[in-house]
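This is what each chain is made of:
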Amino acid sequence: MTRRTPRLSRLRRVVPDGSADARAGRPAEARGGRPRRRGTQPKVVALGGGMGLSASLAALRRITGDLTAVVTVADDGGSSGRLRDELGVLPPGDLRKALAALCGDDDWGQTWARVIQHRFQSQGDLHEHAVGNLLIVALWEQLGDHVQALDLVGRLLGAQGRVLPMSAVPLELQALVKGHDPERPEEVDTVRGQATVALTPGEVQSVHVVPHDPPAVPEAVEAVLDADWVVLGPGSWFSSVIPHLLVPELLDALTQTKARRVLSLNLAPQPGETEGFSPQRHLEVLGRHAPKLALDVVLADEAAVPDRDSLTDAAKRFGAAVELAPVARPDGTPRHDPELLAAAYDRIFRMHGRIGPWR
């Protein structure tokens, strides 16, 4: 398949004066990592869940063929929640969405993407179940191996990358929420379940997962440690992005990897979960959950950042530069345009990378 070359759009760089590299005047190569031969593709790992991760994957597959998605497993709503409750399996929905996003633009890829995303409409038990969810769970039961089954589905679809769950056990997301009950706006309650947290009318203070020390999938840890680039976000901040930082082995890998780390911000606050959040506040809550996490680049849509100085200051606390680029769809909806986002990632990889062009 011939990939379309992304439209290289303008990208404005805002470098924090206080970053370690800026102060020392060191090139990116000085920060360590495995040098790769000129002309080879970067190894990229993208972490997240839901539509945010799908947007990132749809962009990244346009610029590298060495791509791994590490997907959250805390979903408890819809078809995934029903399968999880009935069969005790990992929720397959976000894994399915990631696989669909990795399908190619040819007839084979797009046909399979539509098939696995198809939902049955009926008056019975199959209503609203997604075909891909059933396929993934069937292979888990047949093979008894999460990773092997997802790799097999990926081969069937011709997926341009690999999809892995972040943990080997289904997780319950719990949040401390101020004003979850509108009649008690000052009280803080524990809200349980990803679907409930995502729609809370209150202010999310913090999140954690149950079990508190979930095992990471070894292949996911290995992928992060072996990557050239790790991309975190965009996506539902408390229910898709931050949960990766609550898996101890995965957080250790994110802090120890010699890969460069990109945080991709959302285009707009999410109603309920991050209502009223500024771009810099997204960074602040991320830092509260993972104070030792360092970043290299924070990517944001230039039209979604009203206060660039505050965002630059927030990024500086992570040691990161801010990159501003037009990455939203031109129709005005708060959704990423795959080609514009691909162009932004491509430019970041070249500007901040350790090696020359990969393509």
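Residues numbered from 1 in each chain as written. Predicted model: local features only at pLDDT ≥ 70, side-chain atom pairs only at ≥ 80, totals over all residues. Heavy atoms only, no water.

Asks: When you look at unusual backbone geometry in this model, what are you seeing that I'm missing?
Replies: The omega torsion across valine 210 and proline 211 is 0°, close enough to zero to call that bond cis. Looking at the secondary structure, you find proline 211 in the loop between β7 (203-210) and α9 (218-226). Note that the residue after glycine 233, namely proline 234, is joined by a cis bond; omega there is -5°. Secondary-structure assignment places proline 234 in the loop between β8 (229-232) and α10 (237-241). (Helix = DSSP H or I, 4+ residues; strand = E, 2+ residues; numbered from the N terminus.)

Asks: In this structure, what is going on with the pairing of β8? I would like to understand it.
Replies: Each regular strand carries side chains that alternate between the two faces of the sheet. Where burial is concerned, the two faces of β8 agree: the one with Trp229 and Val231 and the one with Val230 and Leu232 are both buried. As judged from the four bridges shared by strand β2 (residues 44-48) and β8, these two strands associate in the parallel manner. Each residue of the ladder has a partner; that of alanine 46, found in β8, is valine 231. Of the pairings in the sheet, the one linking β8 to strand β9 (residues 260-264) comprises four bridges and is parallel in character. Bridge assignment links tryptophan 229 to a residue of β9, and that residue is arginine 260. (Buried < 20%, exposed > 50% of the residue type's maximum accessible area, 1.4 Å probe, protein only. Pairing = 2+ DSSP bridges.)

Asks: Explanation requested: helix α2 (residues 50-60) in the structure shown.
Replies: Working note: α-helix, 3.6 residues per turn, so residues spaced by three or four point in the same direction. Burial of α2 is extensive: ten of the eleven residues sit out of reach of the surface. Those residues of α2 not exposed but buried are Gly50, Gly52, Leu53, Ser54, Ala55, Ser56, Leu57, Ala58, Ala59 and Leu60.

Asks: Explanation requested: the packing of helix α4 (residues 93-101) against helix α6 (residues 131-143) in the structure shown.
Replies: A pair of packed helices is characterised by two quantities: the angle between their axes and the separation of those axes. Contact pair α4 / α6: the axes reach a minimum separation of 9 Å and the direction vectors enclose 110°. When the interaxial angle is binned, α4 and α6 end up roughly perpendicular. Across the interface between the two elements, Gly93, Leu95, Arg96 and Leu99 of α4 pack against Gly132, Asn133, Ile136 and Trp140 of α6. Split by residue class, the contact of α4 with α6 holds four nonpolar, three polar and one charged. (Axes fitted to C-alpha atoms, helices over the stretch in contact; angles between N-to-C directions. Parallel < 35°, antiparallel > 145°, perpendicular 65-115°, else oblique. Contact = heavy atoms within 4.5 Å. Nonpolar A, V, L, I, M, F, W, Y, C, P; charged D, E, K, R; others polar.)

Asks: Any chance you could explain the pattern of salt bridges here in plain terms?
Replies: If the charged atoms of two oppositely charged side chains come close together, the side chains can form a pair. In total, this model carries 14 salt bridges according to the counting rule given. The shortest N-O distance in the salt bridge between lysine 316 and aspartate 313 comes to 3.8 Å. Taken as a pair, lysine 316 and aspartate 313 lie in helix α13 (residues 308-316) at a separation of three residues, close to a single helical turn. Members of the salt-bridge network, linked through shared partners, are Asp181, Arg184, Glu187 and Asp189. (Salt bridge = Lys/Arg side-chain N within 4 Å of Asp/Glu carboxyl O.)

Asks: It is not clear to me how the sheet that holds β7 should be interpreted in this structure. Could you clarify?
Replies: Strand pairing in a sheet relies on backbone hydrogen bonds. The paired strands run either parallel or antiparallel. The sheet built from three strands is open, its strands ordered β6-β5-β7 with antiparallel pairing. Looking along the sheet, the strands with just one partner apiece sit at the ends: β6 (188-192) and β7. Strand-to-strand twist of the sheet, defined as the mean angle between neighbouring strand axes without regard to direction, takes the value 25°. Across five bridges, strand β5 (residues 172-178) lies against β6 in antiparallel orientation. Bridge pairing in β6 places valine 177 opposite aspartate 189.

Asks: What exactly am I supposed to notice about the nonpolar core here?
Replies: For soluble globular proteins, the rule of thumb is that nonpolar side chains tend to be buried together. Core analysis: the largest hydrophobic core is formed by 103 residues, its most contacted members being Leu286 and Tyr345. Element by element, the count of residues in this core is highest for helix α14 (residues 338-352), at six residues. Other than its neighbours up to four places away in sequence, tyrosine 345 contacts Ser56, Ala59, Leu60, Ile63, Val231, Gly233, Pro234, Val262, Ser264 and Leu299. (Core = buried A, V, L, I, M, F, W, Y, C linked by side-chain atoms within 4.5 Å.)

Asks: Where do I start with α9 in this structure?
Replies: Residues of α9 that are buried: Ala220, Val221, Ala223 and Val224. Mapping the buried residues of α9 onto a view down its axis gives an arc of 160°, with all of them on the same face. Facing away from the buried side of α9 by over 90 degrees, the exposed positions are Pro218 and Glu222. For α9, the elements touching its buried residues are β2, β3 (67-71), β4 (162-165), β8 and α11 (248-256). (Arc of directions from axis to C-beta.)

Asks: How do you make sense of a negative patch on the surface when you look at a structure like this?
Replies: Residues Asp76, Asp85, Glu86 and Asp125 make up a contiguous surface patch of negative charge. Structurally, aspartate 76 is set in the loop between β3 and α3 (78-87). Exposure remark for aspartate 76: the relative accessible area of 30% places this residue in the partly exposed category. (Patch = residues over 30% accessible without salt bridge, like charges linked within 9 Å, V, L, I, M, F, W, Y side chains within 5 Å. Areas by Shrake-Rupley, 256 points an atom, 1.4 Å probe, with all protein chains shown as cover. Lys, Arg positive; Asp, Glu negative; His and termini not counted. Charge placed at Lys NZ, Arg CZ, Asp CG, Glu CD.)

Asks: Teacher, can you tell me more about the environment of serine 167 here?
Replies: Relative to the assigned elements, serine 167 resides in the loop between β4 and β5. With a relative accessible area of 0%, serine 167 lands in the buried category. Taking the C-alpha atoms as reference points, serine 167 and proline 218, 51 residues apart in sequence, are found 8.7 Å from one another. The residues contacting serine 167, other than those within four sequence positions of it, are Val73, Leu90, Pro214, Pro215, Ala216 and Val217. Reaching out from serine 167, the side chain makes a polar contact with the backbone nitrogen of valine 169 at a distance of 3.4 Å. A distance of 2.7 Å separates the side chain of serine 167 from the backbone oxygen of proline 215, its partner in a polar contact. (Polar contact = N/O pair within 3.5 Å; in protein donor to acceptor, adjacent residues only side chain to side chain.)

Asks: Can you walk me through the confidence of the model for the protein in this structure?
Replies: Low-confidence regions, as indicated by low pLDDT, have predicted coordinates that should not be scrutinised in detail. Looking at the protein as a whole, its pLDDT mean stands at 87, while 87% of the residues score no less than 70. Taken together, the stretch residues 1-38 has pLDDT below 50 and engages in 96 contacts with residues farther than four places along the chain or on a different chain. In the predicted structure, residues 355-359 sits below a pLDDT of 50 and forms 18 contacts with residues beyond four places in sequence or in another chain. (pLDDT = per-residue confidence, 0-100.)

Asks: Would you explain the side chain of aspartate 75 in this entry?
Replies: Along the chain, aspartate 75 falls in the loop between β3 and α3. Despite its burial, aspartate 75 pairs with no opposite charge, the nearest such side chain being lysine 97 at 5.7 Å. From its side chain, aspartate 75 meets the backbone nitrogen of glycine 77 in a polar contact 3.1 Å long. For aspartate 75, the contacting residues outside a window of four places in its chain are Ser80, Arg84, Pro91 and Gln194.

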